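Summary of structural features
Below are the chains, spelled out letter by letter.
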Amino acid sequence: MLREMPWRGAGVAIPMFSVRSEADLGVGEFLDLKLLVDWAVDSGFHLVQLLPINDTSVHGMWWDSYPYSSLSVFALHPLYLRVQALSENMPDDIKLEIERAKIQLDGKDVDYEATLTAKLSIAKKMFNLEKDMILTSSSFQNFFSENEDWLKPYAAFCFLRDFFETSDHSQWGRFCQYSKDKLEKLVTKDSLHHDIIRFHYYVQFHLHLQLSEAAEYARKNGVVLKGDLPIGVDRNSVDTWVDPNLFRMNTATGAPPDYFDKNGQNWGFPTYNWEEMSKDNYSWWRARLTQMAKYFTAYRIDHILGFFRIWELPEHAMTGLLGKFRPSIPLSQEELEREGIWDFNRLNRPYIRQEFLQENFGTSWTFIAANFLNEFQKGHYEFNEDCNTEKKIAAKLKSFADKSMLESEDKMRHDLFDLLKNIVLIRDPEDARKFYPRFNLEDTSSFKDLDDHSKNVMKRLYYDYYFHRQENMWRQNALKTLPVLLNSSNMMACGEDLGLIPSCVHPVMQELGLIGLRIQRMPSEPGLEFGIPSHYNYMTVCAPSCHDCSTLRAWWEEDEERRRRFFKNVVGSAALPPSECIPEITHFILRQHVEAPSMWAIFPLQDLLALKEEYTARPAAEETINDPTNPKHYWRYRVHVTLESMLEDKDLKSIIKDLVRGSGRSYPQASPETAAITLEKKQVANGLERNPTAIPLNGDQKKDLSEQLASI
């Protein structure tokens, strides 16, 4: 950071499952990373960024395509196994099965269930043929001894999951409570199911070999492999089974309303019990980072705000609005009473008047009132006990046999949820004398019907709670937890700091040397519609889009008025912009980013492919990886061109390389000529403040300085 010209790099981002190659079986595989590294090198990049690659096989269906809901924070996902590489002595019938599977699974999108089923079926056949040879080898024995602390519980969990046909370990009878004694009995050599246990060892061993091979290839070629550290784990995971004390199992993790979703997000993970984690100096986190460092040189901390505070929801919530921050300082009953607030039932229970029902439900309001509500006062209603949470409402709507009464189940559920959220205060479930202001409480009719005094008090307390009173607590929280992560490995850490950002976050990230994220369409500066890449801080990663939003092409096509504003204010043209994001527009936006001061410019592969018209035939909307507003989104996007064909496309590689080189991001360190010119520019820009007696350099002096710099 103290150099005159800090080093800057460029990279490409793509989920592992989205990669397409001629060898894969319907999904990207770890060994495909070698081809991706080759393409990155040819294109002038120094980094390849992935989404999480941990096993997510919780439900046994396509819901498991969500890569941020880990079954185990240590195990790799069998989805990314290359079955052809399991053995050099593969029988012809299995080779034929693989070729058939390649044809069947070579679709436009990932077929998560069919692909995983096919791979595990083939792997089991090879395991039966070679298990004794592989599992007695010295390489396996070394792998097992280094990983048995997590590998044994993982294999036992997978066996029990399949035996009981559920990952919900509370349904496992005597095995619902984990113990080391039970674990050793489950994995003993004498058990009838020992081969099932050993199969999970076998798959993880080969995944480790294949990812290690790809990681070593990246290192040898000077490419940083960047992983992703999810903020949560699935509530039905190996980790919550083995260490339930580390999690608050009666809660769910999410995010308050933001750019992605006006209703907030509910990710469903239990929140962390940080107090318990601190007792052994966060060993669970340290083990996670140690494991990641075996494969990655850098990592992205998913939702870094979670290390300051997390948006915590009750376990019975389905949406993300009715949450509170943990940790946070609640509003006490005494504090509220001092302010003249006393009718707590009125403020913390859904405020439902008959006119609201008639307005929202029309002629169906009497059906709603009769089936969901109780009129406790003339014209005022409350929810019945059997439908006073979001999960209860959803279950009751599904239970109606006569669906003709429901004009639209989705709309009715949405409107009932809105009624449930029509509150001003949230009562703490663990202490009835503590309260939290509901997010965006001024939008509720409950708030609008308050007297002026109560409105003023609640507005003041709301802004204090969300923007002032927690800052020091959150800062101290992050300074306890984040250094543990950073000191657990030599990996470079980047924090995903999008969303509602407390003012303490960026100073702490700066203090700890953490790199932030800047997405142009989500500027962190107030009052801006579009970020200005040339103004970004050096300690940032800049990108035109990310996996949680639409691609550059799709974003361009979504909103005509916004497109015009961008064309006028950012491109600087008063002309009408093209309706599609033509390669010239893509080139302009990508050039803005590579020329930014940010340490890293990392581009989604979809945005790079948009540099050539021939790659834009696929509808732009189909290239979106995730829809954050849909908790059951199917993560299945596949690139429509193979890595092999991308490697052959010299034109695309040349366009990208020219962009990278032209920005000074080409080399691990600046060339002496560039450094000298940049130094001179900086001195001129600073009015020669650093050395007021400096003498301008002539051509020969510049050459001498360049040679001197080259020798350093």
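Residues numbered from 1 in each chain as written. Predicted model: local features only at pLDDT ≥ 70, side-chain atom pairs only at ≥ 80, totals over all residues. Heavy atoms only, no water.

1. Overview of the overall build of the protein chain
Of regular secondary structure, the protein chain possesses 27 helices and 20 strands. Here the C-alpha radius of gyration of the protein chain, 28 Å, is about what a compact globule of 712 residues would show, namely 27 Å. Judged by the C-alpha coordinates and their principal axes, the protein chain covers about 90 × 75 × 50 Å. Looking at the protein chain as a whole, 55% of its 712 residues qualify as buried. (Helix = DSSP H or I, 4+ residues; strand = E, 2+ residues; numbered from the N terminus. Rg over C-alpha atoms; globule rule 2.2 N^0.38 Å. Buried < 20%, exposed > 50% of the residue type's maximum accessible area, 1.4 Å probe, protein only.)

2. A short note on the pairing of strand β15 (residues 425-428)
Looking at chain direction, β15 and strand β16 (residues 431-437) are connected through 4 bridges and run antiparallel. If you follow Leu425 over to β16, its bridge partner there is Pro437. Here β15 folds back onto β16, and the loop between the two strands holds 2 residues. (Pairing = 2+ DSSP bridges.)

3. Some details on the nonpolar core
Counting 178 residues, the largest nonpolar core has Trp39, Phe45, Trp284, Trp285 and Leu608 as the members making the most contacts within it. The leading source of residues in this core is helix α4 (residues 138-164), at 12 residues. (Core = buried A, V, L, I, M, F, W, Y, C linked by side-chain atoms within 4.5 Å.)

4. Concerning the packing of aromatic side chains
Going through the model one piece at a time under the given rule, you end up with 57 aromatic pairs. Among the aromatic residues, those joined into a ring-pair cluster are Trp311, Phe325, Tyr436, Phe439, Tyr462, Tyr463, Tyr465, Tyr466, Phe467 and Trp474. Stacked on the ring of Phe175, the Lys or Arg Arg174 has its end atom at 4.8 Å from the ring centre. Looking at Lys324, its charged tip hangs above the ring of Tyr436, at a distance of 5.2 Å from the centre. (Phe/Tyr/Trp six-rings, centres within 6.5 Å; stacked < 30°, edge-to-face > 60°. Lys NZ or Arg CZ within 6 Å of the ring centre and 35° of its normal.)

5. Brief notes about the packing of helix α1 (residues 32-42) against helix α25 (residues 650-662)
Running from amino to carboxyl end, α1 crosses α25 at an angle of 55 degrees, the nearest separation of the two axes being 8 Å. Relative to α25, the element α1 is oriented oblique. Between α1 and α25, the residues in contact are Trp39, Val41 and Asp42 and Leu652, Lys653, Ile656 and Lys657, respectively. (Axes fitted to C-alpha atoms, helices over the stretch in contact; angles between N-to-C directions. Parallel < 35°, antiparallel > 145°, perpendicular 65-115°, else oblique. Contact = heavy atoms within 4.5 Å.)

6. Some thoughts on a negative patch on the surface
Residues Glu557, Glu580, Glu584 and Glu613 make up a contiguous surface patch of negative charge. Mapped onto the elements, Glu584 comes out in helix α22 (residues 583-594). Look at Glu584 and you get exposed, because its relative accessible area is 55%. (Patch = residues over 30% accessible without salt bridge, like charges linked within 9 Å, V, L, I, M, F, W, Y side chains within 5 Å. Areas by Shrake-Rupley, 256 points an atom, 1.4 Å probe, with all protein chains shown as cover. Salt bridge = Lys/Arg side-chain N within 4 Å of Asp/Glu carboxyl O. Lys, Arg positive; Asp, Glu negative; His and termini not counted. Charge placed at Lys NZ, Arg CZ, Asp CG, Glu CD.)

7. Considerations on the sheet that holds β16
An order of β11-β16-β15 is seen for the 3 strands of this open sheet, with the pairing classed as antiparallel. This sheet does not close on itself; its edge strands, each paired only once, are β11 (331-332) and β15. Packed on one face of the sheet, helix α17 (residues 452-467) meets β11, β15 and β16 and runs near 85 degrees to β16.

8. Some remarks on the confidence of the model for the protein chain
Of all residues in the protein chain, 92% attain a pLDDT of 70 or more, and the chain-wide mean is 91. Throughout residues 669-712 the model reports pLDDT below 50, and contacts reaching past four residues in sequence, or to other chains, amount to 24 contacts. (pLDDT = per-residue confidence, 0-100.)

9. Section: the packing of helix α3 (residues 112-135) against helix α6 (residues 194-220)
In the contact formed by α3 and α6, the axes pass within 9 Å of each other and the chain directions differ by 95 degrees. Overall, the two elements α3 and α6 adopt an arrangement that is roughly perpendicular. Seen from α3, the contacting residues are Leu120, Ala123, Lys124, Met126, Phe127, Lys131, Asp132, Ile134 and Leu135; seen from α6, they are Asp195, Arg198, Phe199, Tyr202, Phe205 and His206. Of the residues that constitute the contact of α3 with α6, the class distribution is 9 nonpolar, 1 polar and 5 charged. (Nonpolar A, V, L, I, M, F, W, Y, C, P; charged D, E, K, R; others polar.)

10. So, the pattern of salt bridges
Within the structure shown, the criterion is met by 51 salt bridges. Between Asp415 and Lys411 there is a salt bridge; the shortest N-O distance is 2.7 Å. Of this pair, Asp415 and Lys411 both sit in helix α15 (residues 409-420), 4 residues apart, which is roughly one turn of that helix. You can call Asp415 buried: its relative accessible area is 11%. For the salt bridge of Glu623 with Arg553, the shortest nitrogen-to-oxygen distance reads 3.2 Å. Remark: Arg553 occurs in helix α20 (residues 552-558) and Glu623 occurs in the loop between α23 (605-609) and α24 (643-648); sequence separation between them is 70 residues. Note on Arg553: relative accessible area 7%, which makes it buried. Here the salt bridges do not stand alone but share partners, grouping Arg248, Glu312, Lys324, Arg326 and Glu430 into one network.

11. A short note on the environment of Lys650
With respect to the helices, strands and loops of the structure, Lys650 is situated in helix α25. In this structure, the C-alpha to C-alpha distance between Lys650 and Tyr112, residues 538 residues apart in sequence, is 32 Å.

12. A word on the side chain of His633
Assignment of secondary structure puts His633 in the loop between α23 and α24. Since its relative accessible area comes to 17%, His633 is described here as buried. Here Ile625 takes part through its backbone oxygen, which lies 2.8 Å from a polar atom of the side chain of His633. Each residue touching His633, except ones within four places of it in the same chain, is listed here: Trp62, Ser65, Ile625, Asn626 and Asp627. (Polar contact = N/O pair within 3.5 Å; in protein donor to acceptor, adjacent residues only side chain to side chain.)

13. Things to note about the sheet that holds strand β3 (residues 224-229)
Pairing between the strands of a sheet is mediated by backbone hydrogen bonds and can be parallel or antiparallel. Pairing is parallel in the open sheet, where 8 strands are placed in the order β17-β8-β3-β2-β1-β20-β19-β18. Strands at the two margins of the open sheet, each flanked by one partner only, are β17 (492-495) and β18 (516-519). In this sheet, neighbouring strand axes are inclined to one another by 25 degrees on average, regardless of whether the strands run parallel or antiparallel. Here strand β1 (residues 9-13) pairs with strand β20 (residues 600-604) via 5 bridges, running parallel. Residue pairing across strands places Ala10 opposite Ala601, the latter belonging to β20. This element, helix α18 (residues 471-486), spans β3, β8 (298-301) and β17 of the sheet and lies at about 155 degrees to β8.

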